[in-house]
Structures are given as C-alpha cells and as structure tokens.
Amino acid sequence: MSTLRALAAAQAVAAGVAQPVATVRHVHLSARPLVLVPLTMAGEANAPLAAMVGTAPGRGHLLVVPQPRNRDQRFGFAAALADILLPYIDTHRLGSETVAVDRGKDVRQRYLDAPQLVVPNPAGVTFLRLLGRATRFRRIDGDHPVHPSVPLLGRWLTFLAERAEHPGSSTLLALSSALSLHWATGQSAVEDLHLPALLGWIDPPSGLTGAEAAARAEDPAVCPPAGPATDPDFDNRLLAPAIEAYAEADTDAPARADAYAELERLLRDQLTPTWDLMWRGLGLLRALPPGARVAGRWTGDRDAFTAHAAHVDEGGAPQPSRDGAVAAATRLHRLERAAASYAVQRAYDDPLVMAEYRLTGEAFVGEVVLADATRVDDTGRRPVLRPRLQLVTTEPVLVPVGANLYNPARPGQKARVVHVTPTADGKTEVVLELSGGMGRGLTASPGSVPEVGQRLCYTTLSEAYVPSGTFPTVEETPWTHGGPPTYDPPVAPDAAEM
C-alpha cells in the first residue's frame, strides 16, 4: 500500500466514508456491458450452480443448474450461457474501420467496438477462466457430445480471461477491483473483495457510516455473498434440501416442476441483491470522467477482439491448455511492458496518481521563474533549438543531473536536467534544457515552450515507445524448455570399416 493510499484509508475511517484516490476513471465503460453474477456449488471445483446475466438492470436472465454434479446439466448451463454471450459478442462485429499499419504502407480492419463483461470480483474472473478451460476442448460428436456452441463459448471465455490479465484492459472487469482503483476504504484489501461491503463504504445509506454499512452488508441475511461462493448457512438450511427435493421428484413431473420453481426462487433471491449492486457500482464509476488515455487502451482491446474473431473465423485452433516456453516468456514480457505503460498512463492522466510519484521523488512540481525560448545550441555539427527553463520547487528533487524528465502536458517533449541547486530558504532551483515537440526550425512553435509563472510537473516516467524483446523460435529453444531434442543418434559404421 502506498503512502497516499494509507493516508486515504485513515481519512476514510475518520470521515466514515471511502475517500477518492483518483480524479478520473481509469477503465473504459461500455454503453451496453454484459453483467454476469455466477454462483458455484460448495465442495465441487467450479461446478456452476446458477448465474444471472444481462445487459440492463431490469433484464437479468437467471440460469439454474438443479444438479450441479450432473455432467450433462453442467454443459447444458454452458449452452444456455452461450445463447446469451455469443449473440452479444456478435453485435460488436457489425461495423469496422480501416487502420493504417506499417507507416501507411498497408491497412487492416478493426471493429468499432468490443464486448465488455463485468463480474463482481476477481473470483468471478477465475470462474470464467476455468469454465472456458472446461469447455473449449469439448467435442460436438462422438462420446458425450456437447452443443456446438459450447466449445466456441469456451474459446471466447478464455480470450476474455486472458485479456483480464492484461493491465489496463477493460473487456472483462472485476467490479470490486475497478472500484478499489478509484476509492480507498477503511477496511483491508481482502475485505474490499466483498462487493456489498465495498459499496457500503463508497456509498453508505443515509444515516450510516461506511463501517456500519459494511458490517451490515457482511450479514448474509441482509446481503448474500457476491459470488461465486455461497453462504454455508444458506447451503445447509435451504439449498441442500431444495436440490434433494428436485432429485427425489425424478419421476413425478408436477413435483419436479414445483421443486425446480422453489430452487429457482431461492437462487434468484441469492443473486438479485448482488445484481442490483453491480449496476449501482457501474453508475458510480460512470459518474467519473474518463482519463485521457482510456480510449487508447480500449483501442487495444478492440484490436485484440478483432484479431481473435478473425482467428476463430479462419478455423484456428483453440488456445492451448498451457503455453510453451517461448510463448510463456513472450506473454510475460508483453504483460510486463503493458503494466509499465499502464502505470505511466494513469499517472499522466491523474494528478492524484502522480502525487504518489512526487512523494517518492520520481516527480516534482515547480513554478517557472525564467524561460529562454530562443536559446540555440551551436556546439554540434549544426545548430539546434534548445530552450532552457528555471523552476523553483518546494519538493525534494532526487533526480541526478543529466537525467531526462517529461511533462504530462507535453509528453513528446524531453527535458534534460542541467542544474539542481538547493537554496537557503529550503527550496530547490532546477534548470532544464528542452528538446522535441517544438517544431522543426530554430524558432519554437507558439505555446510549445512553457512561460514564466506556469506551474509544471516533471517526472522520470516516460511514454516513449520501448521495443519488445527478442525471443528464440521454437526450433532454437533447448529441449529442456520444450524445444526439439539436440541428441543425435549414433551413425552405424560402414560395413567396409568393420
């Protein structure tokens, strides 16, 4: 936990309500997200019990598995979910745009939008990942065939679960994580995974503090768990007898229908409170203005969606059960680069996020007291425009002379530290030399050089492009890491030499 977040948590306890730790929204919100609240059966690994799914608050569709241990009913649940999810995905494939690639030498197509699934918490993401793994390899013929939509559902769920691991992606959102990114509560990070308690802190009912609302929300009788796990007391008192009654009415159609209706009622009562909280939480996020770089990250999601849709349409193979050595290393490298880029983008978009870097000395804010916008450096082979600024700041400046700094308002402009001089009154004078982002001539474009009196933030965080690493091909990978064997069998001696 950062210093500022710890301070915000302490202030939340004192004020009785969650404190904002962001001034803008750092996730994309679709105009028509698909909300999914899953439930699993206790004691059975990822056995679906029920789910409520839909694209509008009053249109939640309830899916029920009356016998979660029954294999056919499990895949029946997957087929029913596919009947909802796959058409939703297809609605985002109706329009595309042409995108220039390879510096304008070629073009490709990209869908105008992408699907967005929202689940209550990270455990919901895990449920979908495991459901995708259990369904994407199923056969539609032979022994124990499944509906043709089931393996296709598994491939899309796997795609969404993998995108959820990509920092900054919004195609599959865990709502509790998205809310915790923007508000700090007075409870632990583990307790923040409980959506009712988290929303109790962020938006407590009238007359209650955040702590009181969270304690009330943790009572299963008031608000059942947000899934996918159910409350043990509910399992023992109500769910188990209802499932048993359904099983005992195997040959009695009227009794079986009554038992199913009772089971459906119980599960709807369990899911509806969380379903309502999901839309309430989305409303809180939607009230925040989006960050400037959110749209760019959503463009990356649309690129990934377009590529996977094309792979499926072309008859490509399902995602492997596990990555090979090269694929795993490439994926890890890609996620690390995305995490670093996401951290920089959040800081550039949000002064509250940048404040954390100011505390660590990776950024500072100062006032411009001198500015030479016409300075030209003629010590090289040809003269170049190199304006200089002098800033005064009350914050510690821990960057060394010669370091390159960047201003979030001018990300394409580099500022090299020339001098750092502490003053007698506890302030620090910093002289910076600017390059880039000022035009091509020896005269700076209007507004490209800061003026005296402006307060600016400079940081070591950079949005500059970092090329990806290079990895060996599968053929070049050692056999110890999944590559071809390097052992050559001995050659039989020629008969004349024997």
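Each value, and the rule that gives it
- Residues numbered from 1 in each chain as written.
- Predicted model: local features only at pLDDT ≥ 70, side-chain atom pairs only at ≥ 80, totals over all residues.
- Heavy atoms only, no water.
- Salt bridge = Lys/Arg side-chain N within 4 Å of Asp/Glu carboxyl O.
- Helix = DSSP H or I, 4+ residues; strand = E, 2+ residues; numbered from the N terminus.
- Buried < 20%, exposed > 50% of the residue type's maximum accessible area, 1.4 Å probe, protein only.
- Core = buried A, V, L, I, M, F, W, Y, C linked by side-chain atoms within 4.5 Å.
- Axes fitted to C-alpha atoms, helices over the stretch in contact; angles between N-to-C directions.
- Parallel < 35°, antiparallel > 145°, perpendicular 65-115°, else oblique.
- Left-handed = near helix turned anticlockwise from the far one by under 90°.
- Contact = heavy atoms within 4.5 Å.
- Pairing = 2+ DSSP bridges.
- pLDDT = per-residue confidence, 0-100.
- Nonpolar A, V, L, I, M, F, W, Y, C, P; charged D, E, K, R; others polar.
- Phe/Tyr/Trp six-rings, centres within 6.5 Å; stacked < 30°, edge-to-face > 60°.
- Lys NZ or Arg CZ within 6 Å of the ring centre and 35° of its normal.

1. Let's talk about the pattern of salt bridges
Taken as a whole and judged by the stated rule, the model has 19 salt bridges. Among the salt bridges present, the one from Arg110 reaches Glu97, with a minimum N-O distance of 3.0 Å. Pair noted here: Arg110 is in strand S6 (residues 106–111) and Glu97 is in strand S5 (residues 96–101), with a separation of 13 residues, a long-range link. Take Glu97: its relative accessible area is 24%, and that puts it in the partly exposed class. Put simply, Asp141 and Arg139 hold a salt bridge, and the shortest N to O gap is 3.2 Å. When its relative accessible area of 55% is taken as the criterion, Arg139 is described as exposed. Linked by salt bridges that have partners in common, Glu97, Arg108, Arg110, Arg302 and Asp303 make up one network.

2. Here we look at the nonpolar core
The biggest cluster of nonpolar side chains holds 42 residues, and the ones touching the most others in it are Val35, Leu175, Leu179, Leu195 and Leu267. At ten residues, the largest contribution of residues to this core is made by helix H9 (residues 253–286). By size, the runner-up hydrophobic cluster in this structure holds 37 residues, among which are Ile89, Ala114, Val125 and Val146.

3. Examining the packing of helix H8 (residues 232–248) against H9
Interhelical geometry of H8 versus H9 gives an angle of 155° and a closest axis separation of 8 Å. Our classification of the angle between H8 and H9 gives roughly antiparallel. As H8 runs across H9, the sense of the crossing is left-handed. Along its contact with H8, which presents Phe234, Leu238, Leu239, Ala242, Ile243, Ala245 and Tyr246, the element H9 presents Arg256, Ala259, Tyr260, Leu263, Leu266, Leu267 and Gln270.

4. As for the environment of Asn121
Secondary-structure assignment places Asn121 in the loop between strand S7 (117–119) and helix H3 (122–135). The buried category is assigned to Asn121, whose relative accessible area is 6%. Sequence separation of Asn121 and Leu193 is 72 residues, and the distance between their C-alpha atoms is 6.1 Å. Apart from the residues within four sequence positions on either side, Asn121 is in contact with Ala174, Leu175, Ser176, Leu193, Ala226, Gly227 and Pro228.

5. Notes on the sheet that holds strand S2 (residues 34–40)
Across a sheet, paired strands are connected by hydrogen bonds in the backbone, their directions being either parallel or antiparallel. Pairing within the open sheet is mixed, and its five strands lie in the order S4-S3-S2-S7-S8. Taken across any chain shown, the strands that pair with only one partner, and hence form the sheet edges, are strand S4 (61–64) and strand S8 (172–174). For this sheet, the mean inter-axis angle between neighbouring strands, taken without regard to orientation, is 20°. With three bridges connecting them, S7 and S8 associate as parallel partners. Bridged to Val119 within S8 is Ala174.

6. Some thoughts on the confidence of the model for the chain
As a general rule, the predicted coordinates of low-pLDDT regions are not to be interpreted in detail. Across the chain, the average pLDDT comes to 90, with 97% of residues at 70 or higher. The least confident element of the chain, judged by mean pLDDT, is H8 at 89; the most confident is S7 at 98. Considering only residues more than four positions removed or in separate chains, one finds that residues 494–498, a stretch of pLDDT under 50, has one contact.

7. What about the packing of helix H11 (residues 325–349) against helix H12 (residues 351–359)?
Between H11 and H12, the least distance of the axes is 5 Å, while the angle of their chain directions is 110°. Here H11 is positioned roughly perpendicular relative to H12, judged by the angle of their axes. As H11 runs across H12, the sense of the crossing is left-handed. Across the interface between the two elements, Ala343, Arg346, Ala347, Tyr348 and Asp349 of H11 pack against Pro351, Val353, Met354 and Tyr357 of H12. The residue inventory of the contact of H11 with H12, partitioned by class, reads seven nonpolar, no polar and two charged.

8. Side note on the packing of aromatic side chains
In the structure shown here, the tally under the stated rule is five aromatic pairs. Seen from their ring centres, Trp156 and Phe159 are 5.6 Å apart, and the 90° between their planes marks the pair as edge-to-face. Here Trp156 and its partner Phe159 are both found in helix H4 (residues 149–164), three residues apart, which amounts to about one turn of the helix. Overall, the relative accessible area of 6% leaves Phe159 in the buried class. Seen in terms of ring centroids, Trp156 and Phe305 are 5.5 Å apart; in terms of plane orientation they differ by 45°. Their pairing is tilted. Taken together, the positions of Trp156 in helix H4 and Phe305 in helix H10 (residues 294–313) put the pair 149 residues apart, joining distant regions of the chain. Here the two residues Trp156 and Phe305 agree in accessibility, since each one is buried. Linked through ring pairs, Tyr111, Trp156, Phe159 and Phe305 together constitute an aromatic cluster. One Lys or Arg, Arg346, reaches over the ring of Tyr342 and ends 6.0 Å from the middle of that ring.

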